Amino acid sequence: MKRAHRVRQVVNAVNLSTGLGLLLAATGTPGSRRLRRLPDGLLLAGGYRLPFPIAPAFTVGNVVLVRGDASRLESVSREAGRSRLLRHEGRHATQYAWCLGPVMIPLYGACAGVSMLLCGDWASYNPFERLAGLDDGGYERHPLRPYLRTRRRGEN
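Rules used in this analysis
- Residues numbered from 1 in each chain as written.
- Predicted model: local features only at pLDDT ≥ 70, side-chain atom pairs only at ≥ 80, totals over all residues.
- Heavy atoms only, no water.
- 1 Å grid on protein atoms, 1.4 Å probe; cavity = no way out; pocket = protein on both sides within 12 Å on 5 of 7 lines; lining within 4 Å.
- Points joined across faces, edges and corners; volume = space filled by probe spheres on them.
- Helix = DSSP H or I, 4+ residues; strand = E, 2+ residues; numbered from the N terminus.
- Nonpolar A, V, L, I, M, F, W, Y, C, P; charged D, E, K, R; others polar.
- Phe/Tyr/Trp six-rings, centres within 6.5 Å; stacked < 30°, edge-to-face > 60°.
- Buried < 20%, exposed > 50% of the residue type's maximum accessible area, 1.4 Å probe, protein only.
- Lys NZ or Arg CZ within 6 Å of the ring centre and 35° of its normal.
- Polar contact = N/O pair within 3.5 Å; in protein donor to acceptor, adjacent residues only side chain to side chain.
- Contact = heavy atoms within 4.5 Å.
- Axes fitted to C-alpha atoms, helices over the stretch in contact; angles between N-to-C directions.
- Parallel < 35°, antiparallel > 145°, perpendicular 65-115°, else oblique.
- Left-handed = near helix turned anticlockwise from the far one by under 90°.
- Core = buried A, V, L, I, M, F, W, Y, C linked by side-chain atoms within 4.5 Å.
- Expected span 1.5 Å × (residues − 1).
- Arc of directions from axis to C-beta.

(A) Local environment of the layout of surface pockets. One number sums up the size of the largest pocket: a volume of about 760 Å³. Taken together, 25 residues form the lining of the largest pocket, with F52, P53, I54, A55 and Y108 sitting closest to its centre. Where the lining of the largest pocket is concerned, the elements lending two or more residues are α2 (17–28), β3 (57–60), α4 (84–98) and α5 (104–119). When grouped by side-chain class, the residues that make up the lining of the largest pocket number 18 nonpolar, 4 polar and 3 charged.

Take a look at the structure:
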C-alpha cells in the first residue's frame, strides 16, 4: 500500500470517520455480507439497504458502501488497478482525512444544496464531487440555471 493511502487510513481511523462508516456498514447491510479489504486501504461493503443517501455508492471514512453486489467492483479493482468509481470514492476518503472526518458530512450537504440551487443537480457545482471527478463518479455535468447564465453574462 502506498504511503499516502496508509496515512489516509490512519487519519480516518483517528478522526472516527472510518468507525462511522463501519457502523453504517453493520446497520445498513444484511448480516451475511462482509467487508472486503482493497489494496489501497479502502473497505468495500456491498448490499447497502438504508434509504439515505440515495447514491448507488458513497464513502464514509475509508469505507465504501455500495447498493447491490460489490463483488464486480472488487474484481475490477484487483485486475485493472481500480475502477473509475472506486478511484472517485477513494478521493472522497482522502477528503474525509482533510476535512476532519465526520465534519465533512455537513460540509458536503451544504455544498450539495448550493449546487442544487445553482443548476438543479446535487453534484455539478459541489466542490467535493468536482474534486473527486464527476465523470469517474458517473455524474453528468449540468449547466447553471438559465437565469444565472444570463445574469452572469450581463455582469461582464
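So much for the structure itself; the text now carries on.
(B) Seen up close, the packing of aromatic side chains. By the definition in use, this model includes 2 aromatic pairs. Both rings, one in Y48 and one in F58, keep their centres 5.0 Å apart while their planes meet at 75°; by these two values the pair is edge-to-face. In this pair, Y48 is assigned in the loop between β2 (43–46) and β3 and F58 in strand β3, connecting sequence segments 10 residues apart. For the pair Y48 and F58, a shared accessibility class is recorded, and that class is buried. Ring centres of Y108 and F128 lie 5.9 Å apart, and the angle between their planes is 40°; on these two criteria the pair is classed as tilted. Placement of Y108 in helix α5 and of F128 in helix α6 (residues 127–132) is noted, with a sequence separation of 20 residues between them. Since its relative accessible area comes to 25%, Y108 is described here as partly exposed. Positioned above the aromatic ring of Y125 is the side chain of R130, whose terminal nitrogen or guanidinium carbon lies 5.1 Å from the ring centre.

(C) Highlighting the side chain of T29. Relative to the assigned elements, T29 resides in the loop between α2 and β1 (36–37). Residue class for T29 comes out buried when judged on its relative accessible area of 12%. Of note is the side chain of T29, whose polar atom sits 2.4 Å from the backbone oxygen of A25. When near neighbours in sequence (up to four residues on either side) are disregarded, T29 contacts L24, G46, G47 and Y48.

(D) Summary view of the packing of helix α1 (residues 3–14) against α4. Relative orientation of the contacting elements α1 and α4 amounts to 55°, with a least axis distance of 9 Å. Judged by the inter-axis angle, α1 sits oblique to α4. Pair α1 / α4 crosses with left-handed handedness. Contacts from R8, V11 and N12 of α1 reach α4 at G90, A93, T94, Y96 and A97.

(E) Structural detail: the nonpolar core. Counting residues in hydrophobic clusters, the biggest one holds 13 residues, and the most contacted among them are A25, F58, V60, V63, L65, M104 and F128. For V63, the residues in contact, after removing those within four places along its chain, are T18, G21, L22, A25, L35, L43 and F58. Within the second largest apolar cluster, 10 residues are counted, among which are L38, A57, L73 and L86.

(F) Broad picture of α2. End to end, α2 covers 16 Å across 12 residues, agreeing with the expected 16 Å (1.5 Å per residue, within 8%). When α2 is considered as a whole, its buried residues turn out to be S17, T18, G21, A25 and G28. Viewed along the axis of α2, the buried residues span an arc of 105°, placing them on a single side of the element. Projecting away from the buried face of α2 at angles above 90 degrees are the exposed residues L23, A26 and T27.

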